[in-house]
Protein chains: 2
Amino acid sequence: MPNTLYLPELREMLANDDRAELAEFCVALHSARTAEFMEGLTASESWAVLQHTDATNREEIFGYFEQDKQIDMLETLDRTEMGQLIGDLPPDDRVDLLQEVDPQVVKELLPLVPAEERRDILRLQAYPEDTAGAVMTTELARLSESLTVREALEEIGRQARELETIYYIYIVDDENHLRGLVSARQLVAAMGHDETLIGELMERDLVTANVGDDQEDVARTVARYDLLAIPVIDQEHHLVGIITHDDVIDVVREEAAEDAHRFGAIDPLDVGYLQTSILTLIWKRGMWLVLLLFAALFTAFALDRYEGDLNKWKWLVLFIPLVISSGGNSGSQSATLVITGLTMGHITLDDWLRIALRELAQGLLLGGVLAAIAYVAAAVLIGDAASALVVPVTVLLVVVCGTLTGSLLPLLFRRFGLDPAMMSTPFVAAIIDIVGVVIYMQVALAIL
Amino acid sequence: MPNTLYLPELREMLANDDRAELAEFCVALHSARTAEFMEGLTASESWAVLQHTDATNREEIFGYFEQDKQIDMLETLDRTEMGQLIGDLPPDDRVDLLQEVDPQVVKELLPLVPAEERRDILRLQAYPEDTAGAVMTTELARLSESLTVREALEEIGRQARELETIYYIYIVDDENHLRGLVSARQLVAAMGHDETLIGELMERDLVTANVGDDQEDVARTVARYDLLAIPVIDQEHHLVGIITHDDVIDVVREEAAEDAHRFGAIDPLDVGYLQTSILTLIWKRGMWLVLLLFAALFTAFALDRYEGDLNKWKWLVLFIPLVISSGGNSGSQSATLVITGLTMGHITLDDWLRIALRELAQGLLLGGVLAAIAYVAAAVLIGDAASALVVPVTVLLVVVCGTLTGSLLPLLFRRFGLDPAMMSTPFVAAIIDIVGVVIYMQVALAIL
């Protein structure tokens, strides 16, 4: 929701060309808040306001605008000015942003971006989506190991004015091979020992990521080691970029949302729900719904095979939904436990046997409890305690079958390199539906 | 999986009391890797190894042990030494850890923790779980606004040896009211201007959290503003702690797992799947399964009401699973979209009407597609094109009903201050099951 509190004042300042007040507005607050107060302005009004502050602050405030507004500005405002602005944006953010801008506009803008930044954009764009290379930024504090602490402090003082982060300073040799790292804390703490060489101070055992690594794995490593940033290296161990803590938080949140979507049988959305067109939503949901409908048709055909038996014992029909939902629910619970366990790193593929045994035990116990309740209800509804036995026996079998299928299918998916979250709740439920109907009818034939 | 590569060597070093090599082992690698190599050692062997390094490195390596091992060490090793170790641990981590240790042991350990740290533990323990106060650490870089840049650098050089992070330095007045913040970068960049006052350099517009804030909201704020750490203040605006980026990543991952569990109709687990006892799992799953079973019993009773009609048109039975799963699946998709949208901050309660309209449109379109497929299948299976119309009409109505219920129920839950993720997939499905059966039979009665 745009904050409209300051809009009239801002527009008045613009109308009066009140430079001093506009300049003050741009620096008084945290850039994120300044951006919020500007939400309601049009693209050109926003740009007019941003003329009253320096390039660094301008790109920072711009960075906090909603993506829709950023795209609007890049697409509609003066190309030359936007080319310059793109050059000032953080390297990782501008690549992500340009992906969303009309390709025709990008083609016109790119030649207007300063040469060095343009090369950087083309290099980063070359990395496949969701890899470390695509998330990293190329802006980082870099020093030679032959500097002394005093020289390093002076050099970092210079770099600090241009860089976003100097919390980790990376030490490289003449050919840009990553050699080590000193933290800003170490450097400040070593201030008394001006002549110590950085090479003696630095940590050599670094946790690194490769440009081709999956972003989710990198995020897990950063979380495991509590890092502020992780250096990204190529195959020859050249330092090509870093991934910072804020991008890691974004990756973790994005991946959680993607998993949740797969889990609910929806192809993950690229943007927010309200920004996604109805047609895209239809497509991302429809493909799964149609697949699941065909699974349900199997159930119908399976029931059709037993039509004679269903006619003989009419009350069997009443418990079809109960039987299949017991299996589906316990199955989705198991799938949830296993998929979340894999994501959090609490379980691995090697634990499969232990998981299967635990799920078997749970299936028996949970199935037993549900069977007992279902038996009472069935006996009351049917009025025949002996025939009613079909229901609890089926529930027990279906629940065990649900826990085993729900837990082992995601492991199988992971084993074959597929995303275990694709074993969505509705998918597990659909499989159990068919199996459940067959078990139900076979149990009925055996008991009645 | 413990890394057993170094275990024999480590045990030999311990047996030979090879101090130099043990000391080297403790510092050669990143503490997280050192901890991994020690995974296979017993509690007392691990402690024996850690004797060969200084207290800072010792608590750092200890911090990377698996929680089970940490608990084992605290519970079984010499109480006095463990009391000292607890004093050295980061304030937030030790409070979390002590929560898992046998309360009797904690009672014996606490008096052995140095007085200042003990008071700190008691203070942090007082904050309710999942609040900012419970996640924050009390260790932070703090300066008075009357210092000059040179004095500040000297003071921070002293504090840097003891603190985990000095990336943000908080500026307070004499009564510890939070006044502002300077970043290490600003301080280093200002090194030329030794006599500038910190008060002139600092940012005054800070993003803060209150001790009582929900940890999930705080994590969202940190992600929104790309912060490295957020200061936590009490009602009188005293600076009481900070929450750092690594804890925020942990909160985001934890909350995602919790949401996934609720979504799969399981009460969130406190520890990993394999660490949770079967009985706990039974309880956390069983309560929901029993609730869902009762919902399914309703469906059985609803079907019972229509027994006469089901006898008249026997083929109706075949499509019961299909009809209710179409509704359940589209309903869980809608619930997933809305809950994820709320979590990611893409939608708010105010959007409810827009969401309802979008879901209505999707329900009509998706329902239309599914109805068309279902009609063909039904006509084939029944062999009567006119009667078969019951199936597609029902599917359309049930899908629309599913998308509306699935999207609006989570919003309703949020509206009344409940966790929308409680509107789990199985729960939405259970509601649609009952409604679906009633719609199905009413449509049949109307058409046939």
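These numbers were taken from a predicted model, which means no experiment stands behind them.

The rules we used
- Residues numbered from 1 in each chain as written.
- Chains lettered and ligands numbered in written order.
- Predicted model: local features only at pLDDT ≥ 70, side-chain atom pairs only at ≥ 80, totals over all residues.
- Heavy atoms only, no water.
- Contact = heavy atoms within 4.5 Å.
- Buried area = accessible area lost by both parts, 1.4 Å probe.
- Salt bridge = Lys/Arg side-chain N within 4 Å of Asp/Glu carboxyl O.
- Polar contact = N/O pair within 3.5 Å; in protein donor to acceptor, adjacent residues only side chain to side chain.
- Patch = residues over 30% accessible without salt bridge, like charges linked within 9 Å, V, L, I, M, F, W, Y side chains within 5 Å.
- Areas by Shrake-Rupley, 256 points an atom, 1.4 Å probe, with all protein chains shown as cover.
- Helix = DSSP H or I, 4+ residues; strand = E, 2+ residues; numbered from the N terminus.
- Buried < 20%, exposed > 50% of the residue type's maximum accessible area, 1.4 Å probe, protein only.
- Pairing = 2+ DSSP bridges.
- Axes fitted to C-alpha atoms, helices over the stretch in contact; angles between N-to-C directions.
- 1 Å grid on protein atoms, 1.4 Å probe; cavity = no way out; pocket = protein on both sides within 12 Å on 5 of 7 lines; lining within 4 Å.
- Points joined across faces, edges and corners; volume = space filled by probe spheres on them.
- Nonpolar A, V, L, I, M, F, W, Y, C, P; charged D, E, K, R; others polar.

1. With respect to the interface of chain B and chain A
Residue-level contacts link 118 residues of chain B with 119 residues of chain A. Summed over both sides, the interface between chain B and chain A buries roughly 11,100 Å², with carbon and sulfur atoms accounting for 68% of that surface. Where chain B packs against chain A, one counts 6 salt bridges. For the interface between chain B and chain A, the tally reads 28 residue pairs in polar contact (both at pLDDT 80 or more).

2. Comments concerning a nonpolar patch on the surface
All names here are of chain A. A surface patch of nonpolar side chains, amounting to about 490 Å² of accessible area, comprises W352, L353, L357, L360 and L364. Here L357 shows up in helix α20 (residues 352–382). Judged by its relative accessible area of 52%, L357 is exposed.

3. Re the pattern of salt bridges
Under the criterion given, the structure shown has 30 salt bridges over all chains. Its salt-bridge partner being E36(A), residue R224(B) comes within 3.4 Å of it at the nearest N-O pair. Remark: E36(A) occurs in helix α3 (residues 31–37) and R224(B) occurs in helix α15 (residues 215–225); the pair is interchain, linking two chains. Assessed through its relative accessible area of 31%, R224(B) is described here as partly exposed. If you follow the salt bridges from partner to partner, you end up with R94(A), D120(A) and R123(A) in one network.

4. Thoughts on the sheet that holds strand β1 (residues 142–144) of chain B
Residues and elements named next belong to chain B. The 3 strands are arranged β1-β2-β3 in an open sheet whose pairing can be described as mixed. If you trace the sheet from one side to the other, it starts and ends with β1 and β3 (178–183), each paired once. Strand after strand, the sheet turns through a mean of 35° between neighbouring axes, direction not considered. Relative to β3, strand β2 (residues 168–172) runs antiparallel, the two being bridged by 5 bridges. Bridge pairing in β3 links Y168 to S183.

5. Brief notes about empty space enclosed by the protein
Evaluated as defined, the whole model comprises 11 cavities of 30 Å³ or more. Estimated volume of the largest cavity: approximately 650 Å³. Taken together, 32 residues form the lining of the largest cavity, with V252(A), A256(A), A257(A), A256(B) and A257(B) sitting closest to its centre. Residue assignment for the lining of the largest cavity shows that the elements contributing at least two residues are α15 (215–225), α16 (245–263) and α19 (320–344) of chain A together with α15, α16 (245–263) and α19 (320–344) of chain B. Tallied by class, the residues present in the lining of the largest cavity amount to 18 nonpolar, 4 polar and 10 charged. As for the second largest cavity, its lining consists of 24 residues, of which S325(A), A429(A), D433(A), A429(B) and D433(B) are closest to the centre. Of all elements in the fold, only α19 and α22 (425–447) of chain A together with α19 and α22 (425–447) of chain B reach the threshold of two or more residues within the lining of the second largest cavity.

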